[in-house]
Amino acid sequence: MLRFILHRLLVMVPTLFVVSMLIFIVINLPPGDYLSNQIAELRATGQEAGLAKAEFLRHEYALDRPLAEQYLIWIGVWPGPNGFHGLLQGDLGWSFEFNKPVAAVVGETLWFTVILNLAAVLFVYLVSFPLGALAAIRANSWVDYLAAAVGYIGLATPNFLLALILLYYGQKWLGLPIGGLVDAQYEDQPLSWAKAGSVLEHLIIPTIVIGLSGTAAMVRRLRANLLDELGKPYVVTAKAKGVPPLRRLTRYPLRMALNPFVSDIGSLLPSLVSGSVLISVVLSLPTIGPALLEALRAQDIFLSGFILMFISLLVLVGMLVSDIALALLDPRIRLGKARKAQS
Amino acid sequence: MNDGSMKAPVTGGGAGGSWEHYVDDRPYPDPAAADAPATRFDANASTGRLMLRRFLRHRLAVLGALFLGLSYLSLPFVDFLAPYGANERDVEHLYAPPQGVHLFHDGQFIGPFVYPTTGRPDLKDYRWRYETDDSRPMPLQFLCPGAPYRFLGLVESRVRLVCPPPGASLHLLGTDRLGRDMLSRLAIGAQLSLTVGLLGIAVSFAIGITLGGMAGYFGGWIDAGVQRLSEILKSLPELPLWLALSAAVPAQWSPVTVFLCISVILGLLDWPSLARAVRSRFLALREEDFVMAAELMGASPARIIRRHLLPNFASHLLASATLSIPAMILGETALSFLGLGLRPPATSWGVMLNDAQNLMAVETYPWVSLPMLPVILVVLSFNFFGDGLRDALDPYHGD
């Protein structure tokens, strides 16, 4: 098991490397950079005073060097103007737009991003597991059709609109709070039960909205898998031998159908994280979503680069966890992968 | 038994004595029926026929296909069908509510007509209120000159199917903040919103088939490289990358160029799943004898891939394309909604929904969020159509 985890961790290193390269290319695609734009603007308006600072920052963050060198300095394997100062050393760079270090800009929002995505994953599993299982056991009943209908709506409605609709009606009918993370009165308070409750209340709508399309896909998948399993001869045998219905279901078919359910997190997570970025912008949640949008608009490359890196890392770690869970769940995978790793 | 084809009773004889029986003198077996095996009436129907039959049985899929067919076929004519131009402003009717078309006035039939409305600002609630003048029916005009447009981008024309009567307005679905007709904008926005998915899928197909085909056919390090790359791309969240890429599209480019760029961006991240499907099919097909035969006859890899392998699962690709178009349409909507996709004056459903960001507006003027309806309908139709297609393309499997 340990070997399996180690192997998966090792595989992540080159992956992260390629991802960081892709991200660096993407954020550098727009012509020019924040500082040269600023310098041009300062020149045009004749504010010579700001020029020196901009030039200093430009040199300080190595924006005057070739792109490949910039990349290596950014991830921290090449000495910059002040020695090794990159992501690997924990230096996230400077946000030109906010005029603060990136770490100070993103700060707490990182935690909330993680919490929000965890909540969404939990929601997806907690809802889709019973619903999918029910839909399969009672195939072609009203439960099945209801699940299918909810699924199709979740699949087809743009989730930002769903967010707006739920926000509006949630506030109107249920008195759910609009936007933000906590009620204003708890804003600078230390953590307490009341504050935690307020956070939970604020999490309801975003979690549902982010999770809905994933839930829809999961329900469909689980239903199909379980129906396949239920039609197999061993289930008939069990029935013939008089195994009671619940036991007959949970003993083997459910466990078999669970497998793809867990491995599906690979396709679920990216879409959840995508959704959380979009929903955060719409509902103005304090995650890294709004900061990302801001940074991309302003060509604040270190900020957007780090946020994209963080999001990707979140997904990769999530997949790692799901792989480990899958290996724990299914010995065939554990042994197969380990054998492959050894050879 | 007593028709003319019967001969007289035959008298047979045997060990048990003699008896009478009748024999039909028509040839047996029946030569006309000989071709058709009696057991399965479908057995010699062509594959295409089986597919069609199976597809038609999936009622939602047929419905989706009809809806999509109609929508796409009407795309070139939307300018003619829409009563107003996309950016034509009716300053007398800002945020006007949907208007009804009536047929009877005071119990008398006068054909389709509208009642004129007049708006006044309600300064207490701070919104527009509209009053309908029920006494003056104004008949609609048909095939009449409206705002000029270019048919198919080539021929200048002013003829529209239906126009508002002079002195009144025809806003069947209301107007937006600037007094632009929602219905006309929905119709014209469909042109961009519906084609962005097609262009995107074309890009994704080109990349996916090339890379997947190469990986599956050549194997080795090409395979490993493509596999790793597609795994990595699949594990990255799409929307933030779309955002980053479309942020790189310069703001001063023309709407058409921006539209093309956005379609390419949508397609750029979609190919990995396609490439994997192509690859696995290639791996299976590569071992078939007909590939060996083609190889021995000296066909080049490109020819084998194109002529012998691709046709074998083209239908499968078609189905998976149908299922990935909705994601692109939703992607365009999301990007434009955030202001990083298509930009005004281009009109698409996402651009229109940008106005719905304002919750206050949605509460007082709910018709502003109408563009979500066509989005949902189109996405659902594509899903049903794709599901039906996928089932139908495999007519020999399952039921």
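Residues numbered from 1 in each chain as written. Chains lettered and ligands numbered in written order. Predicted model: local features only at pLDDT ≥ 70, side-chain atom pairs only at ≥ 80, totals over all residues. Heavy atoms only, no water.

1. Some points on the sheet that holds strand β7 (residues 138–139) of chain B
Residues and elements named next belong to chain B. Worth spelling out the cut-off: When DSSP finds at least two bridges between two strands, those strands are taken to pair. By definition, any uninterrupted DSSP run of H or I lasting at least four residues is a helix, any uninterrupted run of E lasting at least two residues is a strand, and each is numbered from the N terminus.
Strand order in this open sheet of 3 strands is β3-β4-β7, and the pairing throughout is antiparallel. Of all strands in the sheet, those with a lone pairing partner are β3 (102–105) and β7, marking the two edges. The pairing of β3 with strand β4 (residues 108–114) spans 3 bridges and is classified as antiparallel. Of the residues in β4, the one forming a bridge with H102 is F113.

2. Considering the state of the cysteines
What makes a disulfide is a covalent bond joining the sulfur atoms belonging to two cysteines. Residues and elements named next belong to chain B. Note the cut-off: Here, two cysteine sulfur atoms that lie within 2.5 Å of each other are counted as a disulfide.
The tally for this structure, following the rule as stated, stands at 1 disulfide over all chains. Each disulfide pairs two cysteine sulfurs, and for C144 the partner residue is C163, the sulfurs being separated by 1.9 Å. Between C144 and C163 the sulfur-sulfur dihedral comes to about 110°; the bridge is accordingly right-handed. With C144 in strand β8 (residues 141–151) and C163 in strand β9 (residues 155–163), this residue pair connects regions lying 19 residues apart in the sequence.

3. Comments concerning the UniProt feature "transmembrane region" (unreviewed entry) in chain A
Residues and elements named next belong to chain A. What counts here: UniProt positions are given in the numbering used here, feature names are shortened, and annotations may be inferred rather than shown by experiment.
Sites flagged by UniProt as "transmembrane region" (unreviewed entry) map to residues 9–27, 110–133, 145–169, 199–219, 265–289 and 301–329. As annotated, residues 9–27 comprises 100% helix and 0% strand, and the C-alpha atoms at either end are separated by 27 Å. The straight-line gap between the two end C-alpha atoms of residues 265–289 is 21 Å; of that span, 84% is helix and 0% is strand.

4. Some words on the environment of S348 of chain B
Residue and element names in this part refer to chain B. For the record, the criterion: Exposure categories follow from relative accessible area, calculated using a 1.4 Å probe and restricted to protein chains: below 20% of the type maximum is buried, above 50% is exposed, and the middle band is partly exposed. Here a polar contact means two N or O atoms within 3.5 Å. Within protein one must be a hydrogen donor candidate and the other an acceptor candidate, and residues neighboring in sequence count only if both atoms are side-chain atoms.
With respect to the helices and strands, S348 occurs in the loop between α10 (301–337) and α11 (349–353). Assessed through its relative accessible area of 0%, S348 is described here as buried. As a C-alpha pair, S348 and S336 span 12 residues in sequence and 8.2 Å in three-dimensional space. A polar atom in the side chain of S348 sits 2.7 Å from the side chain of E332.

5. So, a nonpolar patch on the surface
All names here are of chain B. The condition that has to hold: Residues enter patches when they are more than 30% accessible in relative terms and free of salt bridges; like-charged ones are connected within 9 Å and nonpolar ones (Val, Leu, Ile, Met, Phe, Trp, Tyr) within 5 Å. Per-residue accessibility takes into account occlusion by the displayed protein chains alone, with areas from the Shrake-Rupley method and a 1.4 Å probe. By convention in these notes, a salt bridge is any Lys or Arg side-chain nitrogen within 4 Å of a carboxyl oxygen on Asp or Glu.
Together, F77, L81, F142, L143, V159 and L161 line one region of the surface with nonpolar side chains, adding up to about 530 Å² of accessible area. Contributions of two or more residues to the nonpolar patch are made by β8 and β9. Within the element layout of this structure, L161 appears in strand β9.

6. What to know about the interface of chain A and chain B
Counted only if it meets this: The contact criterion used is simple: two residues touch if any of their non-hydrogen atoms lie within 4.5 Å. Note on definitions: buried area is the accessible-area loss of two parts on being combined, 1.4 Å probe, summed for both. Put simply, Ala, Val, Leu, Ile, Met, Phe, Trp, Tyr, Cys and Pro go in the nonpolar bin, Asp, Glu, Lys and Arg in the charged bin, and everything else, Gly too, in the polar bin.
Contact residues are listed per partner, giving 37 residues for chain A and 34 residues for chain B. Of the roughly 3100 Å² buried between chain A and chain B on both sides combined, carbon and sulfur atoms contribute 82%. When the buried area of chain A at its contact with chain B is split by residue, Y152, A156 and F160 of chain A rank highest and sum to 16% of it. Where chain A meets chain B, there are 1 salt bridge. Our count for the chain A to chain B interface comes out at 5 residue pairs in polar contact (both at pLDDT 80 or more). At the level of elements, α1 (2–27), α7 (142–156), α8 (159–173), α13 (265–283), α14 (288–298) and α15 (301–329) of chain A are the ones that each hand at least two residues to the side of chain A that touches chain B. A per-class count over the side of chain A that touches chain B returns 31 nonpolar, 4 polar and 2 charged.

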